[in-house]
Amino acid sequence: MGTEPPVVRATIVFGLRTFGSVPLPVRADLEYDPSDPYAISVGYHAGTGVVRWLFGRDLLADGLIAPAGDGDVRVRPAADDARVVVELNAPDGSAVLEAPADELADFLDRTYDEVPAGDEALWFDFDLELEKLALRD
């Protein structure tokens, strides 16, 4: 399908919810690569490293308007509708973060400008992904 659209990036400061305190700022680098059109990558800067999470673009979009997700990542509007809550659960621990809804919506809008909803399959290279799986074995 022609020339591949550019990678969409944004940096958003999330707030890490802590008990009895104001949320701690956590820089997050969001990335949408049209070569993996169903996914969003988020790199949370934690201490001296980056913790990277990969989850569905549709999960983030759905979570802007209603609770979404039933696995390791859950997204939902916060009590303050200007914020969105992202819950991350892993065997090593969990985190509850919040982010400005308008900044997440802007990032998502830019991803849909590059690959509209429903067009993901036009950009996804199934053969390449199968090759990657075969090389792991």
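Parameters at a glance
- Throughout this description, residue numbers start from 1 for each chain and increase along the sequence as written.
- In keeping with the model being predicted, local features are shown solely for residues with a pLDDT of at least 70 and side-chain atom pairs are shown and tallied solely at 80 or more, while totals for entire chains, interfaces and linings include all residues.
- Each side-chain value is worked out from all heavy atoms of the structure, with water and hydrogens disregarded.
- Secondary structure is summarised from DSSP: a helix means a run of H or I of at least four residues, a strand means a run of E of at least two, and numbering begins at the N terminus for each.
- Whether a residue is buried, partly exposed or exposed follows from its accessible area with a 1.4 Å probe, protein chains only, as a fraction of its type maximum: under 20%, in between, or over 50%, in that order.
- Note on definitions: a residue-residue contact is assigned when non-hydrogen atoms from the two residues lie within 4.5 Å.
- For two strands to pair, DSSP has to find at least two bridges joining them.
- Angles shown run from 0 to 180 degrees and are taken between the N-to-C directions of axes, each axis being a line fitted to C-alpha atoms and, for helices, limited to the stretch in contact.
- Expected helix span is taken as 1.5 Å per residue step, with the number of steps being one fewer than the number of residues.
- Taken from the helix axis, the directions to the C-beta atoms give the arc we talk about.
- Think of it this way: a Phe, Tyr or Trp ring, Trp meaning its six-membered ring, pairs with another when their centres are within 6.5 Å, and the plane angle makes it stacked under 30 degrees, edge-to-face over 60, tilted otherwise.
- N or O atoms closer than or at 3.5 Å make up a polar contact, with two conditions inside protein: a donor-capable atom paired with an acceptor-capable one, and, for residues adjacent in sequence, both atoms drawn from side chains.

Undergrad: Break down the environment of Ser-41 for me, citing the residues and quoting the values.
TA: Position of Ser-41 among the secondary structure elements: in strand β3 (residues 39-46). Under the relative-accessibility criterion, Ser-41 is labelled buried at 12%. Leaving out residues up to four positions away in the same chain, Ser-41 has contacts with Asp-29, Leu-30, Glu-31, Arg-52, Trp-53 and Leu-54.

Undergrad: Residues and numbers for the sheet that holds strand β4 (residues 49-56), please.
TA: Taken in spatial order, the 7 strands make up an open sheet running β4-β3-β2-β1-β7-β6-β5, and their pairing is antiparallel. Looking at strand neighbours, the two that pair on one side only are β4 and β5 (73-77), the edges of this open sheet. Neighbour-to-neighbour, the strand axes of this sheet turn through a mean angle of 30°, independent of strand direction. In terms of strand pairing, strand β1 (residues 8-16) meets strand β2 (residues 24-32) through 9 bridges, oriented antiparallel. Bridging across to β2, Phe-14 finds its partner in Val-26. Running over the sheet, helix α2 (residues 101-114) touches β1, β2, β3, β6 (83-90) and β7 (93-100) and is turned about 160° from β1.

Undergrad: Explain α2 to me, using residue names and the numbers behind them.
TA: In this model, α2 (14 residues) spans 20 Å end to end at C-alpha, consistent with the 20 Å of a helix rising 1.5 Å per residue. Of the positions making up α2, those classed as buried are Ala-101, Leu-104, Phe-107, Leu-108 and Thr-111. Mapping the buried residues of α2 onto a view down its axis gives an arc of 135°, with all of them on the same face. Away from its buried face by more than 90 degrees, α2 exposes Asp-102 and Asp-113. On the buried face of α2, the contacting elements are β1, β2, β3, α1 (57-63), β6 and β7.

Undergrad: For the pairing of β1, give the residues involved together with the corresponding values.
TA: Taken together, the 2 bridges between β1 and β7 define a ladder with antiparallel strand orientation. What sits directly across from Gly-15, in β7, is Glu-98.

Undergrad: Let's hear about the packing of aromatic side chains: which residues, and what values?
TA: Evaluated as defined, the whole model comprises 1 aromatic pair. Aromatic pair Phe-14 and Tyr-44: ring centres 5.3 Å apart, planes at 85°, arrangement edge-to-face. With Phe-14 in strand β1 and Tyr-44 in strand β3, this residue pair connects regions lying 30 residues apart in the sequence. Grouping residues by exposure puts Phe-14 and Tyr-44 together as buried.

Undergrad: Break down the side chain of Thr-111 for me, with residues and values.
TA: Along the chain, Thr-111 turns up in helix α2. Of the residues examined, Thr-111 reaches a relative accessible area of 0% and is grouped as buried. Looking at Thr-111, its side chain comes within polar contact range of the main-chain oxygen of Leu-108, at 2.7 Å. Apart from residues lying up to four places away in sequence, Thr-111 is in contact with Val-8, Tyr-32, Ile-40 and Arg-57.

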